[in-house]
Amino acid sequence: MFEERKLHPIALIKEIIVNIRQNIVPIFVGFFSAFQAIRRNGFMPTWLLFAILLLLALLILAPAILKYLTYRYTLEDEGIRIKYGLIFRKNIFIPYERIQTIQQKQWFFYMPFNVTQILIETAGTKGKAEGDLSAVPKSVATELRDLREGKQNEMDEIEKESVDNPFDVPKVKESEKPIRTIMLETKQLLLMAVTSSGVLGGFLILLAIFGQFQSAIPDEWLSESYDQIARLGILMFLILAALALLFMWGVSIIATLFKYFQFKVKQFEHHLEIEKGLLQRNHTTIRLERIQGILITESPFRQMLGLVAVKLITAGSSGDNEHSGDILLLPIMKKKEALRVLLEILPNYHITVEQIQKAPKTSLKRFVWIYFIWTIIPAVAVSLLFYPFGLIALLIPLLAIWKAICSYRATAFGLGNGTVLFQARPFLSKTTYLVRKERIQSMQAKRSLWMERSQTNHMQIAMKSGNGSTSAYLRYLESSQATDIYTWYRPES
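Read on for a plain summary of the structure. (Residues numbered from 1 in each chain as written. Predicted model: local features only at pLDDT ≥ 70, side-chain atom pairs only at ≥ 80, totals over all residues. Heavy atoms only, no water.)

A few words on the sheet that holds strand S20 (residues 468-478). Here we have 3 strands laid out as an open sheet, ordered S18-S19-S20, and antiparallel in their pairing. Two strands in the sheet have a free side with no partner beyond their single neighbour: strand S18 (442-446) and S20. Averaged over all neighbouring strand pairs, the angle between strand axes comes to 20 degrees, with direction disregarded. In the sheet, S18 pairs with strand S19 (residues 456-465) via 5 bridges, with the strands oriented antiparallel. (Pairing = 2+ DSSP bridges. Helix = DSSP H or I, 4+ residues; strand = E, 2+ residues; numbered from the N terminus. Axes fitted to C-alpha atoms, helices over the stretch in contact; angles between N-to-C directions.)

Here's what the structure looks like:
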């Protein structure tokens, strides 16, 4: 018989933290109800205090304690078995040969106990890991990988190393030392935080939270605050707004530094390993066979500074939204340096400058025309309905024309030795896809009726991303260019 194992006691604290995060809205409602009761009555009724404590116990403590006390896992010969639950008992069995990814996460309070969280992903994983060992010794991860590799090697011998399985584990034992290690410096992470748009998202979230709980704030507080702002004048109001944005910007910078603290990319013979995080140390292992393509993004501001971010498009997911489909390989780096690193780590994904072709000059008027048509009609309608202030809407077609010119300039493609490059600007950021021919799931050439006269085509390629798919798209290519791409992709006769 195989020995059943328990989770480390620190798992209970982790479950409580997760339950607090998941039930933050009911907790806020409970506390604001207590606040309103004290405000109206001058004291809190005893029954309300007990109701709030009972609510917190039911939402936070009870599920965490029950899961910790009933959770058991067993490493068997054929796979890992997980059982937990009291009323609704769950019994999960995951065969080793079905495991695609083993992720590790280590919170800062895990480190003194030398434990880690292990997420086990299979082909059927959708949004949540099939197996979640929330706090186990680090040795369990090594033991699980050894068992998986041994079972996978047995399957390889039976199937004679089937080429169709992209998750085969090599029989040759890999060296423990990485071939190379790339580590981002603190100044690079600071530059990433400064140039990110996280501050805007945080500001909008803050406004949404204020809107939700505005009714709970005493009216006299609000009216007094509005009167003070009115007395200070518009200049002081703008200064306060700027200070608020600077504060959110500072919070965004600190959050970025915490999230990507000591960001490392380690290259091994058959896989890449990414480490990051201060409060939570994440270890992500990516098999080279799982990589479906490379995505290079350049926001307008970062493009002016010559900076890019590089993501890996992978098949399968880790049960974590952050690691599903797109995995950040290089958060920020100078473009030339990033291309050099990619050439060293993934030499097959390489296109030379000479192999890149731009969209034809005749396509510029088509970009401009389509953007102008889609914006001029609503802009004129708004101008007439809200005259004279609505005239400002006429700026929208001008901005659309500027966007059309930027999209035209970004459109390009490249055909290399088994690798294709699709470059475009679908919205604001410039995107560059590098995809191997064998990873392309499908290719489409589209032509509308009004494109018949100009003999232009839209081209689209699809590839796996997570448990779904993603697409790269080019618009208004010449027929000869579309034919070149199709001929390159067509299987050799």
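Examined against the element boundaries, Asn457 turns out to sit in strand S19. A residue is classified by how much of its surface remains accessible, and Asn457, at 8% relative accessible area, is buried. At a separation of 3.5 Å, a polar atom in the side chain of Asn457 contacts the side chain of Arg447. At 3.4 Å, the side chain of Asn457 and the side chain of Ser479 are in polar contact. Not counting residues up to four positions away in its chain, the partners in contact with Asn457 are Lys446, Arg447, Met451, Arg475, Tyr476, Leu477, Glu478, Ser479 and Ala482. (Buried < 20%, exposed > 50% of the residue type's maximum accessible area, 1.4 Å probe, protein only. Polar contact = N/O pair within 3.5 Å; in protein donor to acceptor, adjacent residues only side chain to side chain. Contact = heavy atoms within 4.5 Å.)

One open sheet accounts for 7 strands, arranged S6-S5-S4-S10-S9-S8-S7; its pairing is antiparallel. Strands with a single pairing partner mark the edges of an open sheet, and in this sheet they are strand S6 (131-137) and strand S7 (180-183). Here the average twist between neighbouring strands, direction ignored, is 20 degrees. Here strand S4 (residues 99-107) runs beside strand S10 (residues 280-287); their pairing, made up of 4 bridges, is antiparallel. Paired with Lys105 across the bridge in S10 is Asn282. Its contacts with the sheet put helix H1 (residues 10-22) on S4, strand S5 (115-122) and S6, and the angle it makes with S6 is roughly 135 degrees. Relative to the sheet, helix H9 (residues 335-345) contacts S7, strand S8 (264-267) and strand S9 (271-276), its axis offset from that of S7 by approximately 155 degrees.

All right, on to the pattern of salt bridges then. Evaluated as defined, the whole model comprises 14 salt bridges. Across the salt bridge formed by Glu15 and Lys67, the nearest N and O atoms sit 3.7 Å from each other. Remark: Lys67 occurs in helix H3 (residues 46-70) and Glu15 occurs in helix H1; sequence separation between them is 52 residues. Given a relative accessible area of 9%, Glu15 falls into the buried group. (Salt bridge = Lys/Arg side-chain N within 4 Å of Asp/Glu carboxyl O.)

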